[in-house]
Amino acid sequence: MGNPNEAMRIGYPCVNRSIGCTASSTFRLASYSEERVEAAVSSNLSCLSRMLGYNLRAGLLFFRISSDTVPFASHPVCRFDWRGRFRKELKEIGALAKDNGMRISMHPDQFTLLNSQDEGITERSIRELEYHCALLDAMNLPRSAKVQIHAGGVYGDKESASARFVERYKKLPSAIRKRLVVENDERLYSVKDLLAISGSCGIPVLFDSFHNECLNTGEKAADALRAAMDTWSDADSLPMTDYSSQEPGGRFGKHAEHIDIAHFRRYIRRTEGLDFDIMLEIKDKERSAIKALALARRMGRI
DNA sequence: CCATGTCAAGGTCAC
DNA sequence: GTGACCTTGACATGG
């Protein structure tokens, strides 16, 4: 269950609201040109570098890179050799992360569906995964830099949909398999469903604590977390997890705008003795992450 | 210059 | 069967 010699890390996804740049700049497909991609990637990488510097100074050693870093990278329209053009910048960012013990991850969005009934959708999804893994490879990051997806749709029959996921996972190129992990969602696939999938193909299960609050099979959160952690090997580094809480007054399943510090304290207390990395999926990003880190330090967990 | 509608991609659910 | 919703920041357009 991960390498016990590492300290836990806390981080936030994709966007920093303090430093005044974005690493997710993109444009409309209709206005696609090689010049636009190059300009966007150039600006995104320089901002990403600044964000990692900020995170390092703040002690936030876990960060999710935006899928928009290279806009349209997996789209057929894109012929741009971004790996060649930004070779140096990508390596520098990777070195910055590695040299400082930072963990990097990515999360392709809801359109990435390995288990679709439509082979074309699966094919496009695999191209999307190839892009994500190629970006992390170009940064020279180790296999602990993971790419997380959800199990996909149910299509009226979860068992066969799960079997399709397993079958397709097994056929993936090793460059993808070594990074891919699967995360429980809030409506369709519980931790228990994913443990079954993992049992059939070995994919690590990423525990999302908030989704697990929304959808579970009655077990204690710490038990579900422990079971998910057991699917990670030492080579994968510490298990990754997502954390959030319900936005008060918001629709069921809506992520909080700001950290509910009492809720987070309970979570840290209930998971005592377990070491895992925590990605805070909270709207105000680094602001809540800084508070969470301070609390985890006071509680002696980090 | 600001406000508002829109953006590559799929699936589910309410109606 | 159709359309709203998911989730989301940032682009693009129109006033």
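See above for the structure.
Residues numbered from 1 in each chain as written. Chains lettered and ligands numbered in written order. Predicted model: local features only at pLDDT ≥ 70, side-chain atom pairs only at ≥ 80, totals over all residues. Heavy atoms only, no water.

Enquirer: Hey, could you run me through the packing of aromatic side chains in this one?
Expert: Aromatic ring pairs: the centre-centre distance and the angle between the two ring planes describe each pair. For the coordinates displayed, the defined rule picks out nine aromatic pairs. Here the aromatic rings of Phe 27 and Phe 72 are separated by 5.3 Å at their centres, their planes lie at 50 degrees, and the arrangement is tilted. Remark: Phe 72 occurs in the loop between strand E2 (62-65) and helix H2 (82-85) and Phe 27 occurs in the loop between strand E1 (10-13) and helix H1 (34-58); sequence separation between them is 45 residues. Judged by relative accessible area, Phe 27 falls into the buried class, the value being 7%. An angle of 80 degrees between the planes, with centres 6.2 Å apart, marks the rings of Tyr 32 and Phe 72 as edge-to-face. Of this pair, Tyr 32 sits in the loop between E1 and H1 while Phe 72 is found in the loop between E2 and H2, placing the two residues 40 residues apart along the sequence. Its relative accessible area of 23% is what places Phe 72 among the partly exposed residues. Here the aromatic residues Tyr 243, Phe 264, Tyr 267 and Phe 276 are joined through ring pairs into a cluster of three or more. The lysine or arginine in question, Arg 85, covers the ring of Phe 86, its NZ or CZ lying 4.3 Å from the ring centre. In this structure, Lys 158 packs its charged tip against the face of Tyr 189, placed 5.5 Å from the ring centre. (Phe/Tyr/Trp six-rings, centres within 6.5 Å; stacked < 30°, edge-to-face > 60°. Helix = DSSP H or I, 4+ residues; strand = E, 2+ residues; numbered from the N terminus. Buried < 20%, exposed > 50% of the residue type's maximum accessible area, 1.4 Å probe, protein only. Lys NZ or Arg CZ within 6 Å of the ring centre and 35° of its normal.)

Enquirer: Help me understand the nonpolar core, please; the structure alone is not making it clear to me.
Expert: A general feature of soluble globular proteins is that nonpolar side chains tend to end up buried together. Grouped together as the largest cluster of nonpolar side chains are 82 residues, with contacts concentrated most on Trp 82, Leu 180 and Phe 264. It is H1 that provides the largest number of residues to this core, a total of nine residues. Residues contacting Phe 264, with those up to four places away along its chain left out, are Ile 10, Tyr 243, Ile 259, Ile 278, Leu 280, Ala 292 and Leu 295. Core analysis: the second largest hydrophobic core is formed by six residues, Phe 62, Val 181, Trp 232 and Met 240 among them. (Core = buried A, V, L, I, M, F, W, Y, C linked by side-chain atoms within 4.5 Å. Contact = heavy atoms within 4.5 Å.)

Enquirer: How should I be thinking about the protein's contact with DNA strand C in this particular structure?
Expert: Of all residues adjacent to DNA strand C, which total 14 residues, the nearest are Thr 22, Thr 26, Arg 28, Arg 251 and Lys 283. Each atom of DNA strand C within 4 Å of the protein was classed as base or backbone; sugar and phosphate made up 88%. One nitrogen or oxygen atom from the side chain of Arg 36 is found 3.1 Å from a phosphate oxygen belonging to DNA strand C. Gln 110 is positioned such that a nitrogen or oxygen atom in its side chain is 3.3 Å from a base oxygen of DNA strand C. Counted by class, the surface near DNA strand C contains one nonpolar, seven polar and six charged residues. (Near = heavy atom within 4 Å. Polar contact = N/O pair within 3.5 Å; in protein donor to acceptor, adjacent residues only side chain to side chain. Nonpolar A, V, L, I, M, F, W, Y, C, P; charged D, E, K, R; others polar.)

Enquirer: I would appreciate a short explanation of the protein's contact with DNA strand B in the present structure.
Expert: Around DNA strand B, the surrounding shell holds 18 residues, and the nearest of these are Arg 28, Leu 29, Leu 113, Val 154 and Tyr 155. At 2.7 Å from a base oxygen of DNA strand B is found a side-chain nitrogen or oxygen belonging to Arg 28. With respect to DNA strand B, the side chain of Ser 74 contributes an N or O atom lying 3.4 Å from a base nitrogen. Of the residues in the surface near DNA strand B, the class split is eight nonpolar, five polar and five charged.

Enquirer: Mind showing me how you'd approach unusual backbone geometry here?
Expert: A negative phi angle is the norm for most residues apart from glycine, just as the trans form is the norm for most peptide bonds. Phi is positive for Cys 14, which is not a glycine, with a value near 65 degrees. Within the element layout of this structure, Cys 14 appears in the loop between E1 and H1. Judged by its relative accessible area of 17%, Cys 14 falls in the buried class. Phi angles above zero are rare outside glycine, and Asn 140 is one such case at about 65 degrees. Mapped onto the elements, Asn 140 comes out in the loop between helix H4 (119-138) and strand E4 (146-150). Looking at Asn 140, the relative accessible area reads 42%, which means it is partly exposed.

Enquirer: Would you mind showing me how to read helix H7 (residues 191-201) here?
Expert: Helical geometry: 3.6 residues make up each α-helical turn, so side chains three or four residues apart lie on a common side. What H7 keeps buried is the set Val 191, Leu 194, Ile 197, Ser 198 and Cys 201. Down the axis of H7, the buried side of the element spans an arc of 115 degrees, and every buried residue falls inside it. Opposite the buried face of H7, by more than 90 degrees, sit the exposed residues Lys 192 and Gly 199. Taken together, the buried residues of H7 touch helix H5 (158-171), strand E5 (180-183), strand E6 (205-208), helix H8 (209-214) and helix H9 (221-229). (Arc of directions from axis to C-beta.)

Enquirer: What exactly am I supposed to notice about the state of the cysteines here?
Expert: A covalent bond between the sulfur atoms of two cysteines is what we call a disulfide. In total, this model carries one disulfide according to the counting rule given. Unpaired in terms of disulfides, Cys 14 finds its nearest cysteine sulfur in Cys 47, a separation of 11 Å. Unpaired in terms of disulfides, Cys 201 finds its nearest cysteine sulfur in Cys 133, a separation of 15 Å. (Disulfide = S-S within 2.5 Å.)

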